[in-house]
Amino acid sequence: MYNFDFTRPTDLSAAVDALRGDGAQALGGGQTLIPVLKQRLAAPTTLVDLSGIDSLKGIRRMGDMLVIGGGTTHGAVAASGDVAAAIPGLVQLTSKIGDPQVRNRGTIGGSLANNDPAACYPAAALALGATIETNQREIAAEDFFQGLYATCLEDGEVITAVKFPIPAASTYQKFEQPASRFSLTSVFLAKMQDGSVRVGVTGAGADGVFRHEGLEQALSSDFSASAVDGVSVSAEGMSNDLHATPEYRANLVKVMTKRAVEAVT
Amino acid sequence: MATISMTVNGKQVSGEAQGNTLLVEFLRQELKLTGTHVGCDTSQCGACVVHVNGESVKSCSVFASACDGGSVTTIEGMANDDGTLGVIQQAFQNEHGLQCGFCTPGMVMSIADMLKNNPQPTEAEIREGLKGNICRCTGYHNIVKAAQSAAATLAGAAQAAE
Amino acid sequence: MAKDNVIGGSMKRREDTRFLKGKGRYTDDMNRPNQTYAYILRSWSAHATLNSVDTAAASGAEGVIRVFTGKDIEEAGLGGVPCGWEITDKHGNPMKEPAHPILATGKVRHVGDPIAVVVAETYQQARDAAEMIDIDMTDLPAVVDMRSADTLGTAVHDEAADNLCYDWELGDAEATDKAFAEAAHVTTLEFINNRLVANPMEPRCAIGDYDENDDHYTLYTTSQNPHVIRLLMGAFVLNIPEHKLRVYAPDVGGGFGTKIFHYAEEAFVTWASAQLKRPVKWTSDRSEAFISDAHGRDHVTKAELALDAEGKFLALRADTLANMGAYLSTFAPCVPTWLHGTLLAGQYMTPAVHCRVRAMFTNTVPVDAYRGAGRPEATYLLERIINKAAQEMGMDQAEIRRKNFIRSFPYDTPVALQYDTGDYDATLDAVLELADYKGFEARKAESASRGKLRGIGLSCYIEACGIAPSSLVGALGARAGLYEAATIRVNPTGSVTVLTGSHSHGQGHETTFAQVVSDALGIPAEQIEIVHGDTDKIPFGMGTYGSRSLAVGGSAIVKAVDKVVAKGKKIAAHLLEAAESDIVFEDGQYKVAGTDKAKAFAEVSLAAYVPHNYPIEEIEPGLEETAFYDPKNFTYPAGSYLCEVEVCPETGKVEIVALSASDDFGNVVNPMIVEGQVHGGLAQGLGQAMLENAAYDEHGQLVAGSYMDYAMPLAVDLPSFNVETAEGTPCTHNPLGVKGCGEAGAIGSPPALVNAVVNALEGHGIDHIDMPLSPLRVWTAIQNASVKQAAE
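Because the structure is predicted, anything quoted here is derived from the model rather than measured. (Residues numbered from 1 in each chain as written. Chains lettered and ligands numbered in written order. Predicted model: local features only at pLDDT ≥ 70, side-chain atom pairs only at ≥ 80, totals over all residues. Heavy atoms only, no water.)

Enquirer: Tell me about a nonpolar patch on the surface, and please be specific about residues and values.
Expert: Residues and elements named next belong to chain C. Together, Leu 606, Tyr 609 and Val 610 line one region of the surface with nonpolar side chains, adding up to about 230 Å² of accessible area. Mapping Val 610 onto the fold places it in the loop between α16 (601-609) and β27 (624-629). A relative accessible area of 35% places Val 610 in the partly exposed class. (Patch = residues over 30% accessible without salt bridge, like charges linked within 9 Å, V, L, I, M, F, W, Y side chains within 5 Å. Areas by Shrake-Rupley, 256 points an atom, 1.4 Å probe, with all protein chains shown as cover. Salt bridge = Lys/Arg side-chain N within 4 Å of Asp/Glu carboxyl O. Helix = DSSP H or I, 4+ residues; strand = E, 2+ residues; numbered from the N terminus. Buried < 20%, exposed > 50% of the residue type's maximum accessible area, 1.4 Å probe, protein only.)

Enquirer: Tell me about the interface of chain A and chain C, residues and numbers included.
Expert: Contact residues are listed per partner, giving 24 residues for chain A and 24 residues for chain C. With both sides pooled, the region where chain A packs onto chain C buries about 1900 Å², and carbon together with sulfur makes up 56% of that total. A per-residue breakdown of the area chain A buries against chain C is headed by Arg 40, Arg 181 and Leu 242 of chain A, which together make up 31% of the total. The interface formed by chain A and chain C includes four salt bridges. Ionic pairing is found between Arg 40 of chain A and Glu 131 of chain C, a salt bridge with its closest N-O pair at 3.0 Å. If one sorts the elements of the side of chain A that touches chain C by residue count, helix α12 (residues 246-264) of chain A sits on top with eight residues. For the side of chain A that touches chain C, a count of residues per class yields twelve nonpolar, six polar and six charged. (Contact = heavy atoms within 4.5 Å. Buried area = accessible area lost by both parts, 1.4 Å probe. Nonpolar A, V, L, I, M, F, W, Y, C, P; charged D, E, K, R; others polar.)

Enquirer: Break down empty space enclosed by the protein for me, with residues and values.
Expert: Residues and elements named next belong to chain C. Tallied over the entire structure, the rule returns ten cavities of 30 Å³ or more. Along the walls of the largest cavity sit 49 residues, with Thr 544, Gly 546, Ser 547, Arg 548 and Gly 742 positioned nearest its centre. Approximately 210 Å³ is the volume found for the second largest cavity. Together, 24 residues line the second largest cavity, and His 100, Tyr 263, Ala 264, Ser 292 and Pro 366 are the ones closest to its centre. For the lining of the second largest cavity, the secondary-structure elements that each account for two or more residues are α7 (264-276) and α8 (286-292). The residue inventory of the lining of the second largest cavity, partitioned by class, reads 13 nonpolar, seven polar and four charged. Looking at which domains feed residues into the lining of the second largest cavity, each of domain 1 (31-140 + 201-254 + 259-292) and domain 2 (295-467 + 633-791) gives three or more. (1 Å grid on protein atoms, 1.4 Å probe; cavity = no way out; pocket = protein on both sides within 12 Å on 5 of 7 lines; lining within 4 Å. Points joined across faces, edges and corners; volume = space filled by probe spheres on them. Domains from an automatic or database assignment.)

Enquirer: Quick rundown of the pattern of salt bridges? Include the residues and the values.
Expert: All names here are of chain C. Tallying each qualifying case throughout the model produces 67 salt bridges over all chains. Two residues, Arg 42 and Glu 265, come together in a salt bridge whose shortest N-O distance is 2.8 Å. Taken as a pair, Arg 42 in strand β1 (residues 36-42) and Glu 265 in helix α7 lie far apart in primary sequence, 223 residues in all. Here Arg 42 and Glu 265 have matching classes, each one buried.

Enquirer: A description of the sheet that holds strand β2 (residues 24-27) of chain A should follow, citing residues and the corresponding values.
Expert: Residue and element names in this part refer to chain A. Spatially, the three strands line up as an open sheet ordered β1-β3-β2, and their pairing is parallel. Since the sheet does not close on itself, it has two edges, and those belong to β1 (5-7) and β2, each with one partner. Between one strand axis and the next, the sheet turns through 25° on average, direction left out of account. Of the strand pairs in this sheet, β2 and strand β3 (residues 46-49) are connected by four bridges, and their pairing is parallel. (Pairing = 2+ DSSP bridges. Axes fitted to C-alpha atoms, helices over the stretch in contact; angles between N-to-C directions.)

Enquirer: Kindly report on the domain arrangement of chain B, identifying the contributing residues and their values.
Expert: Residues and elements named next belong to chain B. Annotation of chain B at the domain level lists domain 1 (2-77) and domain 2 (87-157). Its C-alpha centre places domain 1 at a distance of 21 Å from the equivalent point of domain 2. Contacts between the two partners involve 18 residues from domain 1, matched on the other side by 14 residues from domain 2. Between domain 1 and domain 2, the buried area comes to about 1200 Å², and carbon and sulfur atoms account for 58% of it. In this assembly, domain 1 and domain 2 are joined by zero salt bridges. Run the count over domain 1 and domain 2 and you get eight residue pairs in polar contact (both at pLDDT 80 or more). If you list the elements that add at least two residues to the side of domain 1 that touches domain 2, you get β3 (49-52) and β4 (55-58). For the side of domain 1 that touches domain 2, the per-class residue count stands at six nonpolar, ten polar and two charged. (Polar contact = N/O pair within 3.5 Å; in protein donor to acceptor, adjacent residues only side chain to side chain.)

Enquirer: Which residues make up the sheet that holds strand β22 (residues 496-500) of chain C, and what values go with them?
Expert: Residues and elements named next belong to chain C. Read across the open sheet, the four strands follow the order β23-β22-β21-β27; overall the sheet is mixed. This sheet does not close on itself; its edge strands, each paired only once, are β23 (528-532) and β27. Going from strand to strand, the sheet's axes swing by 15° on average, the running direction of each strand aside. Of the strands in this sheet, β21 (484-490), β22 and β23 are in contact with helix α14 (residues 509-521), which crosses β23 at around 135°. On top of the sheet, helix α15 (residues 549-576) reaches β21, β22 and β27; it is set at about 140° to β27, its chief contact.

Enquirer: How would you summarise the domain arrangement of chain A if you had to cite specific residues and measurements?
Expert: Entries for chain A in the domain assignment read domain 1 (5-49), domain 2 (56-165) and domain 3 (169-264). Here domain 1 of chain A and domain 3 of chain A have C-alpha centroids that lie 34 Å from each other.

Enquirer: Could you give an account of the environment of Val 162 of chain A, naming the residues involved and the relevant values?
Expert: Within the element layout of this structure, Val 162 of chain A appears in strand β8 (residues 159-165). Along the chain, Val 162 of chain A and Thr 134 of chain A lie 28 residues apart, while their C-alpha atoms are 8.7 Å from each other.

Enquirer: Report on the packing of helix α17 (residues 671-690) of chain C against helix α18 (residues 744-760) of chain C, specifying residues and quantitative values.
Expert: Helix packing for two helices is described by the angle between their axes and how far apart those axes are. Residues and elements named next belong to chain C. The geometry of α17 relative to α18 is characterised by a closest axis approach of 7 Å and an angle of 40° between their N-to-C directions. When the interaxial angle is binned, α17 and α18 end up oblique. When you trace α17 past α18, the crossing you get is right-handed. Between α17 and α18, the contacting residues are Val 678, Gly 681, Leu 682, Gly 685, Leu 686, Gln 688, Ala 689 and Met 690 on the first element and Gly 745, Ala 746, Ser 749, Pro 750, Leu 753 and Val 754 on the second. Residue composition of the contact of α17 with α18, by class: nine nonpolar, five polar and no charged. (Parallel < 35°, antiparallel > 145°, perpendicular 65-115°, else oblique. Left-handed = near helix turned anticlockwise from the far one by under 90°.)

Enquirer: For the side chain of Gln 684 of chain C, give the residues involved together with the corresponding values.
Expert: Looking at the secondary structure, you find Gln 684 of chain C in helix α17. Looking at Gln 684 of chain C, its side chain comes within polar contact range of the side chain of Tyr 370 of chain C, at 3.3 Å. Dropping the residues within four chain positions of it, Gln 684 of chain C is found in contact with Arg 136 of chain B together with Phe 256, Tyr 370, Arg 371 and Glu 692 of chain C.

Here is the structure:
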């Protein structure tokens with residue numbers, strides 16, 4: 001990889017200052033960024049490692065919200081009793097990201113900021129209607145994700161926490177790409193406190209993570225696997241690669257959604 | 001170049017690192033600890049797994065500078081003090097859990113962390129726990145047996161200590 | 001308790017301790033004083049005219065010592081990378097053998113073709129400078145699909161306008177045609193045997209180190225056969241005589257075939273080291289390995305099987321396109337021919353077989369031997385078409401095989417081999433028992449109750465190992481002999497140093513060979529050291545591939561041990577004042593038969609080196625013997641594998657529920673190591689069948705160029721295996737009675753898995769799916785079958 005300056009501040013304001021420099025880039029757990037740097041696909045002049053900032057780490061319940069610090073690792077979320085009690089789907093999701101070593105380093109903030117179209121976390125953030133809190137503002141998940149690897153984060157903006165509304169029920173059904181073991185097509189299903197159902201899909205969309213309205217409507221009025229059968233999931237807009245055709249992905253959206261419904265009923 | 005310091009296998013060490021120096025490069029080139037291997041460039045093969053501050057990580061996906069002041073354990077730190085093989089290492093030999101030996105250090109380090117968090121894993125949990133480690137020689141069969149055998153030995157030792 | 005350090009004992013591996021402590025010594029772990037680093041700039045285009053390579057800016061970059069291009073290599077008059085096997089085509093003409101330059105000149109022919117090398121003080125500097133090299137290329141249409149390669153109008157090499165390397169055939173075409181004309185049933189199968197990347201976990205590495213004082217070269221390299229590299233590189237590329245060239249392959253992190261071959265990088269670092277008067281090190285990263293290590297398999301085949309009404313095989317016809325890639329790698333031409341066509345009799349008494357192979361040049365990475373090399377392709381062809389025939393004729397997959405087994409040995413096949421021994425019923429019976437074949441229907445019903453489709457697939461493989469009489473392989477086009485060498489050096493106090501030309505890169509030679517010697521000499525394994533991998537220490541060697549180490553290398557060791565014992569008897573006879581013919585050697589003692597007079601092995605050894613009381617008129621002092629062993633025939637390991645799968649009809653995902661294997665490897669020295677070899681082979685075979693696919697797009701870009709898209713088998717993809725080594729039929733022509741076990745798993749398992757999946761999907765009217773059986777492919781096959789069934 002190209003060389004750069006490396007800095008590891010211990011408080012947020014120092015990190016934000018460092019990120020103001022030209023060519024500065026934030027480093028979360030590095031589990032995606034470091035392979036990208038190895039391929040020389042990015043050339044930051046300064047890398048600002050956020051992993052030393054304790055205030056970005058931690059999980060807490062605030063009323064009907066679960067708040068996860070932006071620097072919290074997947075492993076910490078997967079092992080959290082608070083998360084298991086509030087949003088079991090997030091435990092399922094984080095315990096399926098990568099492998100134990102990736103989970104020990106990778107963070108929720110890094111995953112969301114990267115918005116890899118095959119990453120797991122964006123499906124949960126979108127399905128649960130999470131709020132992404134940065135050092136500058138609060139962003140609703142539906143505004144946050146803006147296509148492949150794109151978000152509305154601005155230069156120097158750091159994800160400090162993610163607030164998840166606690167649903168009545170949740171589950172994550174992952175179907176892995178056979179090589180990378182990222183999501184080929186995975187579904188985060190949330191049954192909200194008001195009875196509405198939300199379905200976040202990752203790995204499938206040519207434009208990245210999305211919610212499937214047809215499935216949500218059907219399941220909101222009839223929360224059953226057979227309701228999924230009646231929904232037509234179009235292959236249009238699904239991505240196409242070595243591992244899956246749009247038609248196959250469309251099929252997986254339905255199959256994974258059905259499994260999700262069965263998992264929580 | 002900056003000088004960084006860390007505890008490696010119980011010893012305080014320091015050495016030179018650039019901003020982009022990976023932990024595995026620091027271990028292999030600066031500290032000459034060549035037991036940690038590099039088998040891929042996409043953070044998948046796990047030949048480079050070491051422990052940083054008690055957790056298993058891929059040392060090809062962590063910068064050396066991020067470990068400044070921390071504690072690192074590598075395969076070279078896994079034998080008993082008298083130089084004999086540690087429990088997991090011995091289980092690998094007993095069960096023929098290695099062939100060419102290249103992935104082995106990473107396997108041992110991953111299993112050590114796995115058994116710390118889950119002392120009595122099922123076969124499925126062991127296989128799932130090795131998702132970050134690729135072996136091309138053994139078909140994993142005897143690696144799984146080594147993990148099971150090490151778990152049994154460690155459980156026996158824990159019981160004896162009680 | 002029986003001793004485990006003798007033949008038949010599962011002695012724990014002696015080499016493990018260093019690997020487990022992180023003290024293995026792999027090539028990249030080594031660094032030479034004053035070392036430089038090479039970074040290779042490789043083509044990103046599959047096929048292009050190379051107009052110019054401007055290295056001016058790179059040459060002046062920080063830390064750069066020199067930038068080399070193909071022009072420098074040409075001007076130095078170096079040879080290209082040689083091919084070690086010449087195939088004669090069906091008209092009696094030699095194959096097309098285009099030059100394989102160390103660095104490209106004029107044209108690049110595959111993504112990964114090396115164009116220039118930057119040598120710098122650090123790897124980072126070399127890589128930084130490589131970005132400053134200005135290359136002007138004009139893209140040409142890429143030859144990717146073998147099926148249209150002859151009519152495309154674009155040639156990879158000028159000397160092969162139709163991209164045909166050779167058109168080869170084996171067997172009696174006329175007899176085969178006649179049998180087909182008279183057959184009650186003909187089964188046809190068209191398939192692709194998917195291209196694979198070997199992926200040993202240690203990427204290749206080479207360090208060239210030239211010593212100006214002695215005019216001596218050393219190459220440290222990740223090789224399965226250092227002497228072969230010395231021969232090919234010294235004689236054909238760099239013109240360095242053997243006594244001036246040392247090739248050392250230390251611990252090597254897996255090979256699987258792809259580290260047999262002589263690669264351009266080895267020649268480059270050796271040569272460049274002399275140019276720069278400094279050591280030059282090159283280490284591949286994984287991405288580079290994908291586009292520079294020789295690939296494996298890649299056949300497109302049409303096969304036909306003729307049967308009588310009872311299911312007896314009458315004839316087999318195979319027509320294969322075999323991908324050579326852009327250049328001929330070391331053993332590439334022999335893989336689809338002599339290692340493939342000759343295996344098409346399998347375990348069966350098929351009276352007539354005819355095989356045609358057309359080897360094609362394409363703009364892809366060269367293809368060569370990968371674990372099994374030709375034999376997996378042959379086994380897949382046979383074992384798949386037999387299951388398809390059974391399916392069409394409503395026969396049980398075990399019964400159709402049993403009807404056709406060879407039961408009388410030696411057996412001359414219609415494809416040029418003579419099987420010396422075997423018992424195919426025994427391994428079939430054993431695997432049916434092991435896998436509870438009878439209980440399958442109940443398990444299938446249980447799976448169905450969970451919405452899963454269960455299938456079971458059989459495969460009965462045979463392979464030809466221990467390659468094999470030099471005179472024969474010479475007649476077939478090999479440009480080297482295929483014997484093996486060993487030296488037994490008995491040290492004065494009775495310890496033994498064994499120098500072997502075989503090379504261990506995971507196979508456990510340091511243990512197995514010690515057992516062979518310990519067993520023969522009656523001394524403890526701790527008294528025995530196995531030395532391998534260094535041409536300066538070992539007299540000669542042909543290396544490790546084709547499951548040949550024990551059958552050929554082990555036999556050489558036995559022959560050398562026999563010579564040691566024969567000389568020892570002369571010495572003992574003198575010491576014991578007995579006739580040489582009365583001396584017997586057993587349990588480490590030279591004894592006078594019928595008396596209690598004896599001398600221990602170590603006493604006799606010492607006498608050889610301190611020859612005070614010694615038959616000096618008759619024999620020389622010292623006790624060191626070398627033997628070269630040239631096998632009389634191939635060995636023929638064989639066995640039966642049963643794979644059981646569950647298929648999810650909703651997603652197409654295949655789960656391997658069980659894999660049972662019964663293998664006949666003849667005699668077994670270390671059962672633990674043998675089973676480990678089978679496990680590893682199984683994982684690679686199942687990986688080919690279910691996961692791995694080195695897919696190229698139509699432009700010649702390798703789509704699966706990293707572990708992000710090339711699916712390596714992980715622990716979660718595989719079950720624990722049910723492996724049993726049969727008592728076996730010992731090989732009749734080597735002194736150990738061993739056959740070889742390294743490739744069996746990779747040969748026998750792919751058709752077992754595919755047969756199992758097709759068996760599971762029989763109800764859908766599916767009779768074939770090409771490997772790898774990824775979720776996408778299986779789901780798509782189910783969809784297509786449903787559409788077809790609905791239309792009918």
